[in-house]
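The lines below spell out each chain.
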Amino acid sequence: MADGKSYSLYDSPLLKARARIEGGRVRIESSGTLSRLPVIKSALQMFEGQIPVRVEAERLCLSTWIPPLPSPAFDRLAESRVRGLLGMRTPDQVTISITEECPNRCAHCALPDSGKRLRLAPETVKDVISQVLDMGTTLVIFDGGEPALYPELPDLVAAVDERAISTLFTSGAGFTSDLAERLADAGLYAVNVSLDSPLQEEHDLMRGRKGVFSEAMAAVEHALDAGLLVDLYVVLRRENMHHLEAFHDLARRIGAQELTFFEVVATGRWSERQNIALTPEDHDRLAAFVRAAAEPRIFSVPEAYRLFGCFAASSWMHITPAGEVYPCSCYPESWGSIFTEPIKEIWRRMGSFPFKKSKTCPMRK
């Protein structure tokens, strides 16, 4: 870590903020009229004391979920957050499920295969990318199904220009060394490797197929070899809360730069499940674990949710393989189709989504 190195987060007459590396952690220095606003303090506090995923001489990567700084993408994100103070919504993070194809049968899949072999054509995805970048998006996530099985994936990654970063969700199926190199060459920023358990048998059982854990570990190795950032993405439920330390130990052993904890949602194949969301005691345990953890960095979505409320239709948007536009991947309600109107019109209409910034997810039971 380059202790003492300082990087500009935001620089305007009303707000100046810098990130300084001290003892391997981020320290935030801010000044200006806007720095005294509670919402700005909260946003900057998200970085304070955090472990960055990568520190370079001229570039700081705070998280696999945030563009590096300095970069045009990070500047756009900072501007959109400031505009948010004025009530101007920006779809900072857009997830595109490019295909239903997937060899797994995950018990908790939020977007299970319809049986129709749905797939967005490459030209359609590129048009979506162009539209959302023009709307201010700074993170384009390719999802599925299993997006690694989409032959034109590197071309889609290359369509995301310097205005945003692109990342990929994968179970590891089809994520070969060759694909990792091609994606890195195309400009992919990071790979999110999904994991349900640090134990092979448990993970494979949740994914409905033997060998998925081995494929996930191989995907991590291929991504790291290609120079990509790696995030282990864990969906927490009551049954795997006892694995918190084991998940973190695994992330450290395999060299992942980040570990993301997301809370399970009763949607998709689990839409009828009850009592799967974390208990208040689980949340307290998670928060304490995250605060005390050393490297690698942990990003707790439940903690971000507690601080800022629901991101659906506020700064998140999801597009399905059928072209339907959802507030997020976990809220299966279409607000329009990319095939019938511009995405910016759908996003404008989503302004009336009733759960924006809600501290209680309507899908969690």
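Relevant structure appears above.
Residues numbered from 1 in each chain as written. Predicted model: local features only at pLDDT ≥ 70, side-chain atom pairs only at ≥ 80, totals over all residues. Heavy atoms only, no water.

Participant: Help me get a handle on the pairing of strand β11 (residues 258–263), residues and values and all.
Facilitator: Side chains on a regular strand alternate between the two faces of the sheet. In terms of burial, β11 is largely enclosed, as six of its six residues are buried. Of the two faces of β11, the one carrying E258, T260 and F262 and the one carrying L259, F261 and E263 are both buried. Pairing of strand β10 (residues 229–236) with β11, which is carried by six bridges, proceeds in the parallel orientation. When the bridges of β11 are listed, L236 appears paired with E263. A crossover connection joins β10 to the parallel β11 through helix α8 (residues 244–254); in handedness this β-α-β unit is right-handed. Bridge count between β11 and strand β12 (residues 297–300): four bridges; the pairing is parallel. (Buried < 20%, exposed > 50% of the residue type's maximum accessible area, 1.4 Å probe, protein only. Helix = DSSP H or I, 4+ residues; strand = E, 2+ residues; numbered from the N terminus. Pairing = 2+ DSSP bridges. Right-handed = clockwise from strand over helix to strand, strands pointing away.)

Participant: Describe the environment of L133, listing the residues and the values that go with them.
Facilitator: Locating L133 in the fold gives a position in helix α3 (residues 122–134). Classification of L133 by relative accessible area gives buried; the value is 1%. In the structure, L133 is positioned 16 residues away from L149 in sequence and 25 Å away in space, judged by C-alpha atoms. With residues near it in sequence (within four places) discarded, L133 still touches R76, V140, A159, V160, D161, R163 and A164. (Contact = heavy atoms within 4.5 Å.)

Participant: An account of the sheet that holds strand β3 (residues 25–31) is requested, with residue identities and associated values reported.
Facilitator: The antiparallel open sheet is built from three strands, whose spatial order is β1-β2-β3. Of all strands in the sheet, those with a lone pairing partner are β1 (6–11) and β3, marking the two edges. Strand-to-strand twist in this sheet, taken as the mean axis angle between neighbours without regard to direction, amounts to 20 degrees. Pairing analysis gives five bridges linking β1 to strand β2 (residues 16–22), with the strands arranged antiparallel. Each bridged residue has a counterpart across the sheet, and for Y10 the counterpart in β2 is A17. (Axes fitted to C-alpha atoms, helices over the stretch in contact; angles between N-to-C directions.)

Participant: Mind laying out helix α9 (residues 280–292), listing which residues take part and the relevant values?
Facilitator: With 13 residues, α9 extends 19 Å from end C-alpha to end C-alpha; this agrees with the ideal 18 Å at 1.5 Å per step. Considered for burial, the residues of α9 that qualify are D282, L286 and F289. All buried residues of α9 lie within an arc of 65 degrees about the axis, which places them on one face of the element. In α9, those exposed residues whose orientation departs by more than 90 degrees from the buried face are P280, E281, D284, R291 and A292. (Expected span 1.5 Å × (residues − 1). Arc of directions from axis to C-beta.)

Participant: An account of the nonpolar core is requested, with residue identities and associated values reported.
Facilitator: Counting residues in each nonpolar core, the largest one holds 91 residues, and the members touching the most others are F142, F175 and F261. With seven residues, the single largest contributor to this core is β10. When neighbours within four sequence positions are excluded, F175 is seen to be in contact with A148, L168, T170, A180, L183, V191, A219, H222 and A223. Formed by 21 residues, the second largest nonpolar core is a distinct cluster that contains L15, A17, L34 and L44. (Core = buried A, V, L, I, M, F, W, Y, C linked by side-chain atoms within 4.5 Å.)

Participant: Residues and numbers for the pairing of β10, please.
Facilitator: Counting buried positions along β10 gives eight out of eight residues, so the element sits mostly inside the fold. Here β10 shows a buried face lined by L229, D231, Y233 and V235 and a second buried face lined by V230, L232, V234 and L236. For strand β9 (residues 190–195) and β10, the ladder comprises six bridges, and the chain directions are parallel. In the strand pairing of β10, N192 is matched with D231.

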